[in-house]
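What follows is each chain in one-letter form.
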Amino acid sequence: MTHPIASQKIQAELAQHSKAQSSALPKLKSLIKGLTLPAVLILVCEYLVRAGFIEPYLLPAPSSLWLTLTELAAGDLWQHIWASSWRVLAGFAIGSLLALVFAVLVGLNKQAEDFLEPSFSAIKSIPSLAWIPLLLLWLGIDEASKITLIAIGAFFPVYTNTVAAIKGVDRKLIEVAQVYRLKYWQRVQQIILPAAAPGILTGLRNGLSLSWMFMIAAELIAATQGIGYLLSDGRETSRPDIVILAIILLAVLGKLTDSLMKALETWVLRWRDVIKN
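Residues numbered from 1 in each chain as written. Predicted model: local features only at pLDDT ≥ 70, side-chain atom pairs only at ≥ 80, totals over all residues. Heavy atoms only, no water.

This paragraph deals with the packing of helix H3 (residues 77-108) against helix H10 (residues 240-268). Pairs of packed helices are described in terms of their axes, by the angle between the two and the distance that separates them. Relative to each other, H3 and H10 sit at 40°, their axes nearing to 12 Å. Considered as vectors, H3 and H10 are oriented oblique to each other. Where H3 crosses over H10, the handedness of that crossing is right-handed. Of the residues in H10, those touching H3 at Leu77, Ile81, Ser85 and Phe92 are Leu249, Leu253 and Met261. In terms of residue class, the contact of H3 with H10 is made up of six nonpolar, one polar and no charged. (Axes fitted to C-alpha atoms, helices over the stretch in contact; angles between N-to-C directions. Helix = DSSP H or I, 4+ residues; strand = E, 2+ residues; numbered from the N terminus. Parallel < 35°, antiparallel > 145°, perpendicular 65-115°, else oblique. Left-handed = near helix turned anticlockwise from the far one by under 90°. Contact = heavy atoms within 4.5 Å. Nonpolar A, V, L, I, M, F, W, Y, C, P; charged D, E, K, R; others polar.)

This is the structure we're talking about:
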C-alpha cells in the first residue's frame, strides 16, 4: 500500500512533468513555423541555381555555402566573429549607458530638456556614414573609431525610447507616490523607472540591433578583421558565397543577441499581467 505523502509527491511530479510537456509543445510549434520561410527560400534558391535560371557567380547554390563555411572555419572565421561581436558589445554598452544617463536627466528635468533635446534631435538625424570621416580623422583607424561609431548608433534609440517612456508614466502613479509622501528619488526608483521599464527595454533592444548595423558601416571602411571585412573582401575578390555567408552570420548573431535581450526583458518584466499568445 502506497503511503499518502508518497502518493501526493508522485502526483505532484507527474503534474509538473505534464505541465512542462504542455509548455514545450507550443514552443516547438513556434520554432517550426519560424524555420518554415527560411527553409522554403533555401529550397527555391537551390532549385533555381541548379536548374540554370540563376548563374552561380551571381547567387551560389545554398548547398555550396556549406563548403565555404568549412573553408572559412578552418581559417580565421572565428576571429572575425569575435572581433565584430566584442566591438558591438563594447559600443552598445558605452552608448546605452550614456543614453540612459542623459535620458533620465532629460525625462525628469525640464531645464535639462530645454538645453539638451534640440541638440540631440539634430545629431540624431546625421547618417552613420557621415560620422566615419570625422572619426577617422580624430581617432584613426584603430578600434576607438569603430567602437565610437557603434556607441553613437546605440545611443539614440535607447535615449529616445527612455525619454518617451519616462514622460509617458501615468500621472495617477505620481499622485499615489505623493499620497504616500515618497521622497523625490524614492518616486524615481519605486514608481517612475519601473513604470517606464517596458519602453526602456524596447529601446535597448532597438539599440542593440542598430549596433550591428553601425558595426558593418565601421568595418566596411577601415578594418582588417570582422564580418564587415568579410563582406568587403568577398566583394573585392568577386566571391558572392563569402558575401552571402557574412550576411547570414550577421542575421544569426543579430537574432541570437536579440533573443538574449528579449529573455532579459521577459525576466525583468515578469511582474506584468499582459496578453500572452
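The biggest cluster of nonpolar side chains holds 49 residues, and the ones touching the most others in it are Leu149, Tyr159, Leu204, Trp212, Met215 and Leu250. The element that contributes the greatest number of residues to this core is helix H8 (residues 184-221), accounting for 14 residues. Residue contacts for Met215: discarding those within four places in its chain leaves Ser84, Val88, Ile150 and Leu250. (Core = buried A, V, L, I, M, F, W, Y, C linked by side-chain atoms within 4.5 Å. Buried < 20%, exposed > 50% of the residue type's maximum accessible area, 1.4 Å probe, protein only.)

It is worth spelling out the UniProt feature "transmembrane region" (unreviewed entry) in the chain at this point. Within this structure's numbering, the places UniProt gives as "transmembrane region" (unreviewed entry) are residues 31-49, 86-108, 120-141, 147-166, 210-230 and 242-261. In residues 147-166, the share of helix is 100% and the share of strand is 0%. The end C-alpha atoms are 28 Å apart. As annotated, residues 210-230 has a helix share of 76% and a strand share of 0%, and its two end C-alpha atoms lie 19 Å apart. (UniProt positions renumbered as here; feature names shortened; annotations may be inferred.)

All right, on to the packing of aromatic side chains then. In this structure the tally under the stated criterion is seven aromatic pairs. Aromatic side chains Tyr47 and Phe53 sit 6.2 Å apart centroid to centroid with 40° between the ring planes, which places their arrangement in the tilted category. Judged by its relative accessible area of 58%, Phe53 is exposed. Pairing Phe155 with Phe156 gives two aromatic rings, centres 5.0 Å apart and planes at 80°, and the pair type is edge-to-face. Exposure class is identical for Phe155 and Phe156. Each is buried. (Phe/Tyr/Trp six-rings, centres within 6.5 Å; stacked < 30°, edge-to-face > 60°.)

Before going further, it helps to examine the packing of H3 against H8. H8 packs onto H3 with a crossing angle of 145° between their chain directions and a minimal axis gap of 8 Å. The hand of the H3/H8 crossing is right-handed. Along the contact surface, H3 presents Ala83, Ser84, Ser85, Arg87, Val88, Phe92, Ser96, Leu100, Val104 and Leu108, while H8 presents Tyr184, Val188, Ile192, Leu193, Ile200, Leu204, Gly207, Leu208, Ser211, Trp212, Met215 and Glu219. A per-class count over the contact of H3 with H8 returns 15 nonpolar, five polar and two charged.

Before going further, it helps to spend a moment on the environment of Ala223. Along the chain, the position of Ala223 falls in the loop between H8 and helix H9 (227-236). Sequence-wise, Ala223 and Glu143 are 80 residues apart; in three dimensions their C-alpha atoms are separated by 8.8 Å. The residues contacting Ala223, other than those within four sequence positions of it, are Arg87, Lys146 and Tyr229.

Another point: helix H6 (residues 143-167). Here H6 spans 36 Å end to end across 25 residues, near enough to the 36 Å set by a 1.5 Å rise per residue. Counting buried positions along H6 yields 18 of 25 residues, so the element is predominantly enclosed. (Expected span 1.5 Å × (residues − 1).)

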